[in-house]
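Structural overview for review
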Amino acid sequence: ETIFFSRFSSFFLEPQLHTMSTETEIIEVNVDTSSVGLGCSLLGGTDTDRGRAGNRGILVGAVLPDGAAHVAGLQSGDVILAVNGSDVTCVTHNEALRLIGDSDFLKFSVLRSTTVPTPQASFAADVKDTATLSRADAARRAFDSGDVTLSMLAHDNIAPEKHSSEHGAFVKAAVFGGLDGIITTFAVVASVQGANLSVGIVLVMGFANLIADGISMGFGEYLSESAENEWIAQERKREQWEFENYPEGELKEMVELYKEKGFREEEARSIITMMAQHKDFFIDHMMVQELGILPPDDDEPSPVKKGVVIFCSFLTFGLVPLLAYIAFDPTGLSDADLFGIACVLTATALFTLGAIKSKFSQMVWWKSGLWVLANGAVAAGAAYLVGYILDHIVSVDCA
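Just so you know, these numbers come straight off a predicted model, no measurement behind them. (Residues numbered from 1 in each chain as written. Predicted model: local features only at pLDDT ≥ 70, side-chain atom pairs only at ≥ 80, totals over all residues. Heavy atoms only, no water.)

**So, unusual backbone geometry**
Even without glycine at this site, Asn-84 takes up a positive phi of about 50°. Counting through the fold element by element, Asn-84 comes out in the loop between strand E4 (79-83) and strand E5 (86-87). Under the relative-accessibility criterion, Asn-84 is labelled partly exposed at 37%. Non-glycine residue Asn-196 carries a positive phi angle of around 60°. (Helix = DSSP H or I, 4+ residues; strand = E, 2+ residues; numbered from the N terminus. Buried < 20%, exposed > 50% of the residue type's maximum accessible area, 1.4 Å probe, protein only.)

Written as structure tokens, this is what we have:
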């Protein structure tokens, strides 16, 4: 054991001093699995990404509250160095599991950090940090930082989220409708201002555009979603009919598709035969692979709901550019002042919606906000310019 720990200190501890505080300890943890399972997840081994990255030992992931590991005091983030005196810093993952499974009474030599990690996060800190994140957010953070260990922790420690997609679809529809409502309504306001027309004209054209476009947007969303869902349902019925009446033909088509993707024929046949035992899944898979069609999600909101959300969002946010005229026109402010207030309100709303929109993309929130703001500015600038030019070409006399 003395030889083992001497080799460990030079091979394992010293590299870790760059990412851990200087105070670490090696402890012994005795685990009795004779009456209950180990109850923890284990990561690492020389044949894993973690091991190939130079991280030795077996990392303890999630520890279940009723398992033997928890009872013995094993903690998430501990690194197992030896099992019953056998070194596991230079073994494959399966070899480590075999050593652990060979006995009901396990004596673990464990590396544990007892101090606050340095800015370069330790394994234990990664586990604690990922506990507050969704699996997707933790995986994105791991990808952005190139942290393979964090990626493994994210997949091992965080249960897949099972949220309804309905709420997300509603938010997306609301953002889409709101952006269109603000930009189109403000474009109308800008064009009227550019043409030097009265406040009354601004309100008439603004509200007319708001109502008409809102109805058009909501009804258009309903029609397009309904048509797409009907088409997908019809294609799925066709694929199901073909599978039920001539399964050999469908299996052959899928095998050929898999061969085109680089699978050997025996591999493709094995995979397809196995999947075909699950009828609904296989039909959905055929639709994706053969037709490029994603089957509709059961949690996806109905076309009617999405149409209503877009209509309401369009009206709500589209009203923002008109608020300046509604609220401040009675105060006697000039048309230029009213337009300036409308610009400020619109810019604020556009930036806010752009920041919200970043939730559905990889763009930083402030960049997304500025991008949407720039889009609105270009549209409004073009509308203002058109109104200004037409005012000098066409004689318009509106009180």
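**Some words on the nonpolar core**
Counting residues in each nonpolar core, the largest one holds 23 residues, and the members touching the most others are Val-189, Val-202, Tyr-325 and Phe-339. Element by element, the count of residues in this core is highest for helix H8 (residues 165-194), at seven residues. Setting aside anything within four residues of it in sequence, one finds Tyr-325 in contact with Val-189, Gln-193, Val-199, Val-202, Leu-203, Pro-330, Leu-338, Phe-339 and Ala-342. Judged by nonpolar contacts, the second largest core, of 19 residues, contains Leu-74, Val-83, Val-91 and Phe-108. (Core = buried A, V, L, I, M, F, W, Y, C linked by side-chain atoms within 4.5 Å. Contact = heavy atoms within 4.5 Å.)

**Some words on a nonpolar patch on the surface**
Residues Tyr-384, Leu-385, Val-386, Tyr-388, Ile-389, Leu-390, Ile-393 and Val-394 make up a contiguous nonpolar surface patch of roughly 740 Å² in combined accessible area. Inspection of the secondary structure assignment puts Leu-385 in helix H16 (residues 365-393). Exposure remark for Leu-385: the relative accessible area of 47% places this residue in the partly exposed category. (Patch = residues over 30% accessible without salt bridge, like charges linked within 9 Å, V, L, I, M, F, W, Y side chains within 5 Å. Areas by Shrake-Rupley, 256 points an atom, 1.4 Å probe, with all protein chains shown as cover. Salt bridge = Lys/Arg side-chain N within 4 Å of Asp/Glu carboxyl O.)

**Here we look at the packing of helix H9 (residues 199-245) against helix H12 (residues 279-291)**
Closest axis-to-axis distance for the H9/H12 pair is 10 Å, and the angle between their directions is 115°. Relative to H12, the element H9 is oriented roughly perpendicular. Where H9 crosses over H12, the two elements pack in a sense that is right-handed. Note on element contacts: H12 touches H9 through Lys-279, Asp-280, Phe-282, Ile-283, Asp-284, Met-286, Met-287, Glu-290 and Leu-291, opposite Ile-232, Glu-235, Arg-236, Arg-238, Glu-239, Gln-240, Phe-243 and Glu-244. Class assignment of the residues belonging to the contact of H9 with H12 gives a composition of seven nonpolar, one polar and nine charged. (Axes fitted to C-alpha atoms, helices over the stretch in contact; angles between N-to-C directions. Parallel < 35°, antiparallel > 145°, perpendicular 65-115°, else oblique. Left-handed = near helix turned anticlockwise from the far one by under 90°. Nonpolar A, V, L, I, M, F, W, Y, C, P; charged D, E, K, R; others polar.)

**Quick notes on the pattern of salt bridges**
Applying the stated rule across the entire model yields 16 salt bridges. A salt bridge links Glu-225 to Lys-306; its shortest N-O distance comes to 3.4 Å. Of this pair, Glu-225 sits in helix H9 while Lys-306 sits in helix H13 (residues 303-318); the two residues are 81 residues apart in sequence, bridging distant segments of the chain. The residues Glu-225 and Lys-306 share a single accessibility class, namely buried. Between Asp-280 and Arg-236 there is a salt bridge whose closest N-O contact spans 3.8 Å. On the criterion of sequence distance, the pair formed by Asp-280 in helix H12 and Arg-236 in helix H9 is long-range, its members being 44 residues apart. Put simply, Glu-235, Arg-238, Glu-239 and Glu-242 are held in one network by salt bridges that share partners.

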